[in-house]
Structures are given as structure tokens and as C-alpha cells.
Amino acid sequence: MDMKPRTLFNVEGLTAVVTGGATGIGFAYAEAMADNGAHVTLLDVDADALDRAVAALAARGATARAVVVDVTDSPALESAIAGTAAESGRLDVVFANAGITAGPGFLNVDGERDPAGAIENVPAELWDRVVATNLTSVFATIRSSVPHMKARRCGRIIVTTSIAGLRPSAVVGIPYMIAKAAASHLVRQAALELAAFGVCVNAIAPGPFLTRITTPGLRAIWEKALPVRRVATTDELQGLALFLASPASAYVTGALFVIDGGSMLGRAD
Ligand code: NAD
């Protein structure tokens, strides 16, 4: 293969879907795909943010489709993905990215016990909503994408998990921790099954990135404790997203890429 970057990282003409693509990390993935010539469909529950995202991509010279869909509505999600595949005649890259936070952890940002985050006080409704959004929707996204990818014996599925799924944390709500851990294992299990069909499934596990889910309190903790002493901006995920969507990663499947400014190494304060 030609080892020039334009060949290794070529996503031109591919059809890419991004769930939770209207803002934050999902929008950064969409930019990385669109700027490199992929046709992007953004799926998101936030109609206004979707309008802004499509306009922003158009201003960069890209064309993008948007579908308002709640990823916890599996039939609606399936139909949005099938609609994209039908319109394009292909489905190459899917980012299962939509996610929400899950309330407080058992310690607050000052290191004191927070009764609202204590395991016995976590509302069942919160657990159900977070698992539905951060885990079940990932399964539904993969399930809905696979038939279109198997048919052409190629495809890339990239799941946004989190370092929260890799080790416990005192300051993050327990439903989020567990949903992200399960999503990480879902990536490995799906990768094992789908490898024979040319479909690669990988995870991006971000540490702290500045998006609308980043609370000021968490930001302060992170900036103090992180080895790199700063929270990342979402453009810093774009190179990895492009790698995982492109020919450069053809032999990579079932892998989880931590991108966290050294956070998993331990505190450095
Ligand atoms: P964000 O809130 O900016 O983006 C999330 C997007 O998902 C939003 O556009 C939102 O409207 C959409 N969304 C939420 N629920 C939805 C639903 N039910 N159906 C459809 N769309 C829905 O937050 P973000 O930080 O960009 O989060 C993206 C992913 O990255 C999430 O899975 C999150 O858990 C993960 N993550 C973020 C960080 C971080 O530091 N920001 C760290 C690790 C993992």
C-alpha cells in the first residue's frame, strides 16, 4: 500500500454515521470525517444543535445529513441508520458516541461524602436512563449497523467509552461507570464475532475533554491532578477517529484507545 498519509488515512466518499453528533466529541468526529471527504449523517436528540452542526459543516464546505432521533428508541435508531445506508447505498463507519452523565459520585469535588451519590440513594430511574443511553444504545447502534456492513464485508464501528469504564472513580456517578465498563466489553465481544466479516469494532476511551458535560467542579479537579495539567479540547480526538475509520487501522479490532493526558497513570499533584 502507498504509505502516504492521504492514502493511509483516506476516508473520501465513505458514508459515516455519528450518534450524538450534534455537539462535543461526536461533532469533532463528524468534522474529522467531513473535512476528509466522507459523507456524514449526524443522529442526535437535540434538533437545534443538529441545525447548528449541519450549518457549521456546510460552512467548512462539507455536506451533512441530520436526523433527529433518540438513541434510546431502538426502532427509530434502526430506521435512521437503515435510511442512511439506503440513501448512500453503503454504510462504512459508525461512531456510537451519544452519552449522558449520571449524577454525582460518592465524593464531591472537595473530597467529602455526597449522600446524593451514595449507592443506596441512586434513583432506579437514573440507573435505567443512563444504562439505556450509554450502553443499550451502543448495542442498538451496532445491531442496526451490522447487516449493512456484513453485506459488503467491510465496516468500522467506533464506540466512545471512557476511562470511567476502566477503573473506579469516587467523583463520577455509579451508573455511568458501569455503563461505560460494559460498553468496553461489548466492543471486544462484537469485535470477536464480526472480524470474519471484515467489520472492525474499537473503542475510544477519552479522559477529560471540554464539552457541555464537563462541569466546572470536575474541570478544577482534573486540571490539578492530571499529569498534563490541562483538560483536552475535542479536536485532540480527531486524529484517532480518522485513524480508526481509515485503511491505516485495517488490522486493528477489539482495541481500546485511551486518550487522557496521562490520567490513567495516576494523579500528579
Ligand atoms: P455532549 O453532551 O457535548 O455530547 C453528547 C451528544 O449526545 C449531545 O449532542 C446530545 O444531544 C447527544 N445525546 C444525548 N443523549 C442522546 C439521546 N438519547 N439520543 C440522541 N442523542 C443524544 O458530551 P460529550 O462529552 O461530547 O459526550 C460524547 C461521548 O463522550 C459520551 O458518550 C460521553 O460519555 C463520552 N465521554 C466524554 C468525556 C468528556 O470528558 N467530555 C470523557 C469520556 C467520555
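The rules behind the values
Residues numbered from 1 in each chain as written. Predicted model: local features only at pLDDT ≥ 70, side-chain atom pairs only at ≥ 80, totals over all residues. Heavy atoms only, no water. Helix = DSSP H or I, 4+ residues; strand = E, 2+ residues; numbered from the N terminus. Rg over C-alpha atoms; globule rule 2.2 N^0.38 Å. Buried < 20%, exposed > 50% of the residue type's maximum accessible area, 1.4 Å probe, protein only. Contact = heavy atoms within 4.5 Å. Areas by Shrake-Rupley, 256 points an atom, 1.4 Å probe, with all protein chains shown as cover. Lys, Arg positive; Asp, Glu negative; His and termini not counted. Charge placed at Lys NZ, Arg CZ, Asp CG, Glu CD. Salt bridge = Lys/Arg side-chain N within 4 Å of Asp/Glu carboxyl O. Near = heavy atom within 4 Å. Polar contact = N/O pair within 3.5 Å; in protein donor to acceptor, adjacent residues only side chain to side chain. Nonpolar A, V, L, I, M, F, W, Y, C, P; charged D, E, K, R; others polar. Pairing = 2+ DSSP bridges. Axes fitted to C-alpha atoms, helices over the stretch in contact; angles between N-to-C directions. Core = buried A, V, L, I, M, F, W, Y, C linked by side-chain atoms within 4.5 Å. Right-handed = clockwise from strand over helix to strand, strands pointing away.

Some words on the overall build of the protein chain
Thinking step 1. Per the secondary structure count, the protein chain includes eight helices and seven strands.
Thinking step 2. Its C-alpha atoms give the protein chain a radius of gyration of 18 Å, near enough to 18 Å, the size a compact globule of 269 residues would have.
Thinking step 3. Referenced to the eigenvectors of the C-alpha coordinate spread, the extents of the protein chain come out at roughly 55 × 40 × 40 Å.
Thinking step 4. When the 269 residues of the protein chain are sorted by exposure, 46% land in the buried category.
Thinking step 5. Across the protein chain, contacts joining residues at least 24 apart in sequence account for 74% of those joining residues at least 6 apart.
Thinking step 6. Summing over all exposed atoms, the protein chain offers an accessible surface of approximately 12,300 Å²; the carbon and sulfur share of this is 58%.
Thinking step 7. Across the protein chain, the mean location of the 22 positive side-chain charges is 7 Å away from that of the 25 negative side-chain charges.

Some thoughts on the pattern of salt bridges
Thinking step 1. In this structure the tally under the stated criterion is eleven salt bridges.
Thinking step 2. Several salt bridges converge on common partners, so that one network encompasses Glu-31, Asp-35 and Arg-60.

Brief notes about the site of the ligand
Thinking step 1. Neighbouring the ligand are 27 residues, the closest being Ile-25, Asp-44, Asn-97, Tyr-176 and Thr-211.
Thinking step 2. In the environment of the ligand, an oxygen atom lies 2.8 Å from a nitrogen or oxygen atom belonging to the backbone of Asn-97.
Thinking step 3. Tyr-176 has a polar side-chain atom sitting 2.6 Å from an oxygen atom of the ligand.
Thinking step 4. For the ligand, whose accessible area on its own is 820 Å², the fraction buried by protein is 94%.
Thinking step 5. For the shell around the ligand, the elements supplying multiple residues, two or more each, are helix H2 (24-34) and helix H6 (174-194).
Thinking step 6. In the shell around the ligand, the residues fall into eleven nonpolar, eleven polar and five charged.

Notes on the sheet that holds strand E3 (residues 64-68)
Thinking step 1. Within the open sheet, the seven strands sit side by side as E3-E2-E1-E4-E5-E6-E7. Their pairing is parallel. The two strands at the open ends of the sheet, each matched to only one other strand, are E3 and strand E7 (256-259). Averaged over all adjacent pairs, the angle separating strand axes in this sheet is 15°, with direction ignored.
Thinking step 2. In this sheet, strand E5 (residues 155-160) lies alongside strand E4 (residues 93-96) in parallel orientation, the contact comprising four bridges. Residue pairing for E5: Phe-95 is matched across the bridge by Ile-158.
Thinking step 3. Sheet strands in contact with helix H8 (residues 238-245) are E4, E5, strand E6 (199-206) and E7, and its direction is about 150° off that of E5.

What about the nonpolar core?
Thinking step 1. One finds Tyr-29, Met-33, Leu-42 and Phe-95 to be the most contacted residues of the largest nonpolar core, which totals 33 residues.
Thinking step 2. Those elements that provide at least two residues to this core are strand E1 (15-19), H2, strand E2 (39-44), helix H3 (47-59), E4 and H8.
Thinking step 3. Per-element accounting of this core gives the leading share, seven residues, to H2.
Thinking step 4. Residues within four places of Leu-42 in sequence aside, it is in contact with Val-18, Gly-21, Ala-30, Leu-50, Ala-53, Val-54, Leu-57, Arg-65, Ala-66 and Val-67.
Thinking step 5. Grouped together as the second largest cluster of nonpolar side chains are 27 residues, Leu-43, Val-69, Ala-85 and Ile-142 included.

Digging into the pairing of E1
Thinking step 1. Where burial is concerned, most of E1 is hidden: five out of the five residues are buried.
Thinking step 2. The two faces of E1 match: Thr-15, Val-17 and Thr-19 on one face and Ala-16 and Val-18 on the other face are all buried.
Thinking step 3. In this sheet, E2 lies alongside E1 in parallel orientation, the contact comprising five bridges. Along E2, the bridge assignment pairs Val-17 with Thr-41.
Thinking step 4. The handedness of the E1 to E2 crossover, carried by H2, is right-handed.

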